[in-house]
Amino acid sequence: MNISLILIILLVGSFATYLAGDKLASKVALFFGLAATGCTIVLLNHFNLGENISYSSQWITLPKVSFALQADGLSLAMILLTTVLTAIIILSSFDNEFKNAKAIYALILFMSFAMTGTFLASDGLLYYIFWELSLIPIYFIALIWGNGDAEERKKAVVKFFIYTLAGSLFMLVAFVYMYQKAGSFLIEDLYKLKLDINEQKWIFTAFFLAYAIKIPLIPFHTWQANVYQKAPTLGTMLLSGIMLKMGLYSLIRWQLPLAPLAAKEYMYIFIGVGIAGVIYGSIVALRQKDLKKLLAYSSLAHVGLIAAGTYALNLDGFRGAVLQMIAHGFVVVGLFFAAEIIFRRYETRLIADLGGIRAQSPKFTSMFLILVLASVALPTTFNFIGEFTVLYSLSQVNIWFAILGGTTIILGAYYMLKMFQHVMLGETNTKTFADVTLSEGLTLVIIIAVLFFFGLYPKPINDLITPSLETILNTINKYN
């Protein structure tokens with residue numbers, strides 16, 4: 001099966017959605033989102049049968065650039081996350097009315113196309129092109145369909161765009177330097193480079209700047225909370241659920257194998273950066289009065305822990321990081337969607353103006369509570385598997401890293417349950433809270449089902465990603 005078919009489906013879907021017009025746009029987009037998910041499942045079946053899932057053809061002669069795509073277990077896990085969440089995000093927006101709906105749904109599919117390409121690309125320059133392409137649709141989604149004052153929104157979105165683009169240029173310079181050494185952008189050729197420690201330090205730093213801004217890690221996080229707040233909820237879900245995973249995935253796929261000596265030398269520093277993000281994000285989340293901003297800083301804390309696990313440079317760290325990437329993708333999309341459901345009825349995200357929802361909608365309250373508990377890594381939920389594995393990997397490096405990293409669970413439980421108490425409990429709100437619609441309920445049920453299924457039975461994902469992670473770890477350790 002041609003691996004490029006999934007990209008074709010998403011790209012054609014983007015154009016078809018735009019041509020379908022505003023009335024049919026959401027349904028056409030959902031159809032192509034589901035088609036992409038189905039295509040990914042077929043690819044997964046071919047992969048499980050032992051087939052080589054790749055495609056390569058010469059694209060540019062000088063410099064030598066190939067249109068090279070390759071899927072291993074790690075890539076397929078991230079593509080499944082991307083396509084499934086794309087369909088869920090589209091479904092979640094069915095009760096929204098967008099001006100120029102055909103454009104926003106077309107941009108969602110185009111963004112999914114670019115992010116899928118990032119996970120599949122095995123040529124450095126092609127990877128960089130997909131990486132940058134994903135930035136364009138979210139810029140317009142946040143700018144045109146965002147919330148709040150137009151001028152403030154413009155400042156936040158332009159800052160995000162320039163900041164991210166500038167960081168990525170360092171990565172491009174690193175690719176050009178390695179191309180001059182290897183004569184190729186293909187990942188297998190770049191892995192074979194014998195760079196000295198000083199060269200690796202520069203390469204490592206260049207990639208870190210690109211990824212730390214995208215994820216984000218402190219102190220490169222200053223764009224995040226404002227953009228998450230100003231973007232429409234589906235834009236926030238795309239950013240937090242999928243786009244930031246591009247950076248975390250790229251740490252494992254590109255940064256660490258290309259500069260393993262630097263990674264080992266800087267290991268303690270960058271584990272510290274990740275854990276600092278855990279503590280900082282949790283403390284700032286405690287002080288938030290806006291529901292979306294609280295969830296944004298909660299996300300910052302969780303991705304800090306994922307990054308720390310990645311920089312631990314052991315198999316448990318890699319495996320836990322990938323498991324937590326996927327779990328975080330589903331739970332953060334669910335939480336932001338729950339915030340959107342509340343906003344649709346009360347037209348506010350200020351926590352102080354909420355409360356008393358449980359008395360009017362016990363079904364929604366129950367689903368929201370499950371998402372909150374999953375977010376704080378309650379056992380039997382998917383997040384517990386990922387966070388426990390990451391903390392175990394950190395304990396192998398230094399027990400204090402695991403203890404400090406564990407604050408994400410302790411502080412997270414405090415501010416998330418406190419938020420739930422203020423938002424859902426208390427006296428009945430004077431405003432009417434209509435019960436969830438069919439599309440809202442279906443979206444939440446799907447997300448909750450995924451969180452419980454893989455929380456109880458993570459073996460399918462473990463088996464899928466482990467061989468790929470072992471191969472990457474062997475590439476890193478060949479410099480020992």
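All of these numbers come straight from a predicted model, not from anything done at the bench. (Residues numbered from 1 in each chain as written. Predicted model: local features only at pLDDT ≥ 70, side-chain atom pairs only at ≥ 80, totals over all residues. Heavy atoms only, no water.)

1. What to know about the overall build of the protein
Point 1. For the protein, the helix and strand inventory stands at 22 helices and 2 strands.
Point 2. Computed over its C-alpha atoms, the radius of gyration of the protein comes to 21 Å, within 12% of the 23 Å expected for a compact globule of 480 residues.
Point 3. Its C-alpha atoms give the protein principal-axis dimensions of about 70 × 55 × 45 Å.
Point 4. Residues counted as buried form 63% of the 480 residues belonging to the protein.
Point 5. A sequence separation of at least 24 residues applies to 82% of the contacts in the protein between residues at least 6 apart.
Point 6. With an accessible surface of roughly 17,800 Å², the protein has 65% of that area assigned to carbon and sulfur atoms.
Point 7. Positive and negative side-chain charges in the protein, numbering 32 and 26 respectively, have mean positions lying 3 Å apart. (Helix = DSSP H or I, 4+ residues; strand = E, 2+ residues; numbered from the N terminus. Rg over C-alpha atoms; globule rule 2.2 N^0.38 Å. Buried < 20%, exposed > 50% of the residue type's maximum accessible area, 1.4 Å probe, protein only. Contact = heavy atoms within 4.5 Å. Areas by Shrake-Rupley, 256 points an atom, 1.4 Å probe, with all protein chains shown as cover. Lys, Arg positive; Asp, Glu negative; His and termini not counted. Charge placed at Lys NZ, Arg CZ, Asp CG, Glu CD.)

2. Overview of the side chain of T348
Point 1. Along the chain, T348 turns up in the loop between α15 (315-346) and α16 (357-360).
Point 2. Within the structure, the side chain of T348 is placed 3.1 Å from the backbone nitrogen of L350, a separation counted as a polar contact.
Point 3. For T348, the contacting residues outside a window of four places in its chain are F343, D353 and L354. (Polar contact = N/O pair within 3.5 Å; in protein donor to acceptor, adjacent residues only side chain to side chain.)

3. Considering the packing of aromatic side chains
Point 1. With the rule as written, the count across this model stands at 36 aromatic pairs.
Point 2. Measuring from centroid to centroid gives 6.0 Å for Y127 and F175, while their planes differ by 70°, and the two rings are edge-to-face. One end of the pair, Y127, is in helix α5 (residues 124-133); the other, F175, is in helix α7 (residues 150-182), with 48 residues separating them in the sequence. Across the pair, exposure class does not vary: Y127 and F175 are buried alike.
Point 3. Taken together, the aromatic side chains of Y127, W131, F175, F207, Y211 and W254 make up a single cluster linked through ring pairs.
Point 4. If you follow K27 out to its NZ or CZ, it ends over the ring of F94, 5.9 Å from the centre.
Point 5. Between the NZ or CZ atom of R349 and the centre of the ring of F343, over which it lies, the distance is 3.9 Å. (Phe/Tyr/Trp six-rings, centres within 6.5 Å; stacked < 30°, edge-to-face > 60°. Lys NZ or Arg CZ within 6 Å of the ring centre and 35° of its normal.)

4. Observations concerning the nonpolar core
Point 1. Core analysis: the biggest nonpolar cluster contains 185 residues, and F207, Y211, I271, I342, F364 and L394 have the highest contact counts within it.
Point 2. Take this core: its biggest share by element is 19 residues, from α15.
Point 3. Sequence-distant contacts of I271, that is, excluding residues within four places in its chain, are made with A308, Y311, A312, L394, V397 and F401. (Core = buried A, V, L, I, M, F, W, Y, C linked by side-chain atoms within 4.5 Å.)

5. Quick word on the side chain of S298
Point 1. Within the secondary structure, S298 is located in helix α14 (residues 291-311).
Point 2. Taking relative accessible area as the criterion, S298 reaches 4% and is therefore assigned buried.
Point 3. Apart from residues no more than four positions distant in its own chain, S298 is found in contact with A285, S375, Y415 and M416.

6. Points about the UniProt feature "domain: NADH:quinone oxidoreductase/Mrp antiporter transmembrane" (unreviewed entry) in the protein
Point 1. With numbering matched to this structure, UniProt assigns "domain: NADH:quinone oxidoreductase/Mrp antiporter transmembrane" (unreviewed entry) to residues 122-407.
Point 2. Helix makes up 81% of residues 122-407 and strand 0%, whereas the separation of the span's terminal C-alpha atoms amounts to 37 Å. (UniProt positions renumbered as here; feature names shortened; annotations may be inferred.)

7. Quick notes on empty space enclosed by the protein
Unfilled space is identified by rolling a water-sized probe across the atoms.
Point 1. Following the criterion strictly, the structure yields 3 cavities of 30 Å³ or more and no others.
Point 2. Roughly 50 Å³ of internal volume is contained in the largest cavity.
Point 3. Looking at the largest cavity, the residues that line it are L295, S298, S299, H302, H328, V331, V332, L335 and S375.
Point 4. Contributions of two or more residues to the lining of the largest cavity are made by α14 and α15.
Point 5. Taken together, the residues of the lining of the largest cavity break down into 4 nonpolar, 5 polar and no charged.
Point 6. In terms of lining residues, the second largest cavity is bounded by F160, K214, I215, P216, W223, Y228, L239, M243 and L244.
Point 7. With 3 residues, the top contributor of residues to the lining of the second largest cavity is helix α11 (residues 233-258).
Point 8. Looking at the lining of the second largest cavity residue by residue, the classes come out as 8 nonpolar, no polar and 1 charged. (1 Å grid on protein atoms, 1.4 Å probe; cavity = no way out; pocket = protein on both sides within 12 Å on 5 of 7 lines; lining within 4 Å. Points joined across faces, edges and corners; volume = space filled by probe spheres on them. Nonpolar A, V, L, I, M, F, W, Y, C, P; charged D, E, K, R; others polar.)

8. Details of the environment of F401
Point 1. Residue placement: F401 occurs in helix α19 (residues 399-405).
Point 2. F401 sits in the buried class, given a relative accessible area of 13%.
Point 3. Along the chain, F401 and Y18 lie 383 residues apart, while their C-alpha atoms are 49 Å from each other.
Point 4. Not counting chain neighbours up to four residues away, the residues in contact with F401 comprise Y268, I271, I275 and L394.

9. Digging into unusual backbone geometry
Point 1. Of the consecutive residues L62 and P63, the connecting peptide bond is found in the cis state with omega at 0°.
Point 2. Residue P216 follows I215 across a cis peptide bond; omega there is -10°.
Point 3. Within the secondary structure, P216 is located in the loop between α9 (197-214) and α10 (224-230).
Point 4. Its identity as a non-glycine residue notwithstanding, N100 has a phi of 60°, on the positive side.
Point 5. With respect to the element layout, N100 can be found in the loop between α3 (73-92) and α4 (101-120).
Point 6. Of note in this structure, E347 is not a glycine but carries a positive phi near 55°.
Point 7. Looking at where E347 falls in the secondary structure, it is placed in the loop between α15 and α16.

10. A closer look at the pattern of salt bridges
Point 1. On inspection of all chains with the given rule, the structure shows 11 salt bridges.
Point 2. One salt bridge in this structure joins D316 and R319, with 3.1 Å as the shortest N-O distance. Here the residue D316 and the residue R319 both occupy positions in helix α15, the gap between them amounting to 3 residues, near one helical turn.
Point 3. Under the relative-accessibility criterion, D316 is labelled buried at 17%.
Point 4. Between K459 and D463 there is a salt bridge, with the nearest N and O atoms lying 2.6 Å from each other. Residue K459 and its partner D463 are both found in helix α22 (residues 459-477); the two are separated by 4 residues, about one turn of the helix.
Point 5. Owing to a relative accessible area of 44%, D463 belongs among the partly exposed residues under this scheme. (Salt bridge = Lys/Arg side-chain N within 4 Å of Asp/Glu carboxyl O.)

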